[in-house]
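Listed here are the chains, written in short residue letters.
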Amino acid sequence: LTEQEIEHTANSRSVAEEVLEAIAKKREWISRYKVARSLVQNPRTPLPIALRLVPRMSPHDLRDLARDKNVPDAVRSTALRLYRIKQQ
C-alpha cells in the first residue's frame, strides 16, 4: 500500500475501527505526519490512539482540532490545551 492509500483510509469515516487500529500499530505508517493527522481528525479513531497522537500535531492543526465538533471532546480539549502551550 502507498502512503496516499493509507492516508485516504485513515481519513475515511466509513472504515472500521479495527482498520484504524491496525494503521496506528504500524510504525512506518504512523511516522508520517499526514497519516497521524488523518487519524486524529477521524472521529472513528479509538480515543486512546487519537490522544496519543495529538501532541505531535502542529499548532495550526491543534487550533483546527480544538474547533472541530466532529472529534471527541477529550481530543478537542487536549488540542486546545496544547495549542495554548505551544503559542507561548
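To start, this report covers the structure provided alongside it. Per chain, residue numbering runs from 1 following the sequence as it is written. Totals for whole chains, interfaces and linings use all residues, but because this is a predicted model, local features are given only for residues with pLDDT of at least 70 and pairs of side-chain atoms are given and counted only at 80 or more. As a rule here, side-chain values come from all non-hydrogen atoms in the structure, and water together with hydrogens is ignored.

1. Topic: the side chain of Ser38
- Labels follow the DSSP assignment, with helices taken as runs of H or I lasting at least four residues and strands as runs of E lasting at least two, numbered in each case from the N terminus. Mapping Ser38 onto the fold places it in helix H4 (residues 33–41).
- With relative accessibility at 3%, the residue Ser38 sits in the buried group.
- Leave out the neighbours within four places in its chain, and Ser38 touches Glu7, Ala10 and Asn11. To sort residues, take the accessible area from a 1.4 Å probe on protein chains only and compare it with the maximum for the residue type: under 20% means buried, over 50% means exposed, and anything in between is partly exposed. Any two residues having at least one pair of non-hydrogen atoms within 4.5 Å are treated as being in contact.

2. Section: the packing of aromatic side chains
- Between 30 and 60 degrees the pair is tilted, below 30 it is stacked and above 60 it is edge-to-face, where a pair is any two Phe, Tyr or Trp rings, Trp via its six-membered ring, whose centres lie within 6.5 Å. Across all of its chains, the model carries zero aromatic pairs by this definition.
- The lysine or arginine in question, Lys26, covers the ring of Trp29, its NZ or CZ lying 5.7 Å from the ring centre. Charge-over-ring contacts are defined here by two conditions on Lys NZ or Arg CZ: a distance within 6 Å of the ring centre and an angle within 35 degrees of the ring normal.

3. Considering the packing of helix H6 (residues 59–67) against helix H7 (residues 73–87)
- For helices, the fitted line uses only the C-alpha atoms of the stretch in contact; every axis is such a line through C-alpha atoms, and the angle between N-to-C directions lies from 0 to 180 degrees. Contact geometry of H6 with H7 gives a least axis separation of 8 Å together with a crossing angle of 140°. The two elements H6 and H7 cross, and the hand of that crossing is left-handed. For the pair formed by H6 and H7, the contact residues are Pro59, Leu62, Arg63, Leu65 and Ala66 on the first element and Val75, Arg76, Ala79, Leu80, Leu82, Tyr83, Lys86 and Gln87 on the second. Handedness of a helix crossing follows the sense of rotation of the near helix relative to the far helix, less than a right angle counterclockwise being left-handed and clockwise being right-handed.

4. A few points about the pattern of salt bridges
- The working definition used for a salt bridge is a side-chain nitrogen of Lys or Arg within 4 Å of a carboxyl oxygen of Asp or Glu. Overall, the coordinates contain four salt bridges when judged by the stated rule.
- In this structure, the salt-bridge partner of Glu3 is Arg32, at a minimum N-O distance of 3.6 Å. Taken together, the positions of Glu3 in helix H1 (residues 3–11) and Arg32 in the loop between helix H3 (27–30) and H4 put the pair 29 residues apart, joining distant regions of the chain.
- Between Asp64 and Arg63 there is a salt bridge whose closest N-O contact spans 3.9 Å.

5. Looking at the side chain of Glu7
- Within the secondary structure layout, Glu7 lies in helix H1.
- Buried charge without a salt bridge: Glu7, with Arg37 as the nearest opposite-charge side chain at an N-O distance of 4.3 Å.
- Excluding residues that lie within four positions of it along the chain, Glu7 makes contacts with Lys34, Val35, Arg37 and Ser38. When charges are tallied, Lys and Arg are placed among the positive residues and Asp and Glu among the negative ones, while His and the ends of the chain are skipped.

6. Thoughts on helix H2 (residues 17–25)
- All of the buried residues in H2 are Leu20, Ile23 and Ala24. One side of H2 holds all its buried residues, which, seen down the axis, span an arc of 100°. Seen from the open side of H2, the exposed residues pointing more than 90 degrees away from its buried face are Glu18 and Lys25.
- The secondary structure elements touched by the buried residues of H2 are H1, H3, H4 and helix H5 (47–53). Think of the arc as the fan of directions from the helix axis to the C-beta atoms.

Bear in mind that shape data such as this cannot, by itself, settle questions of function.
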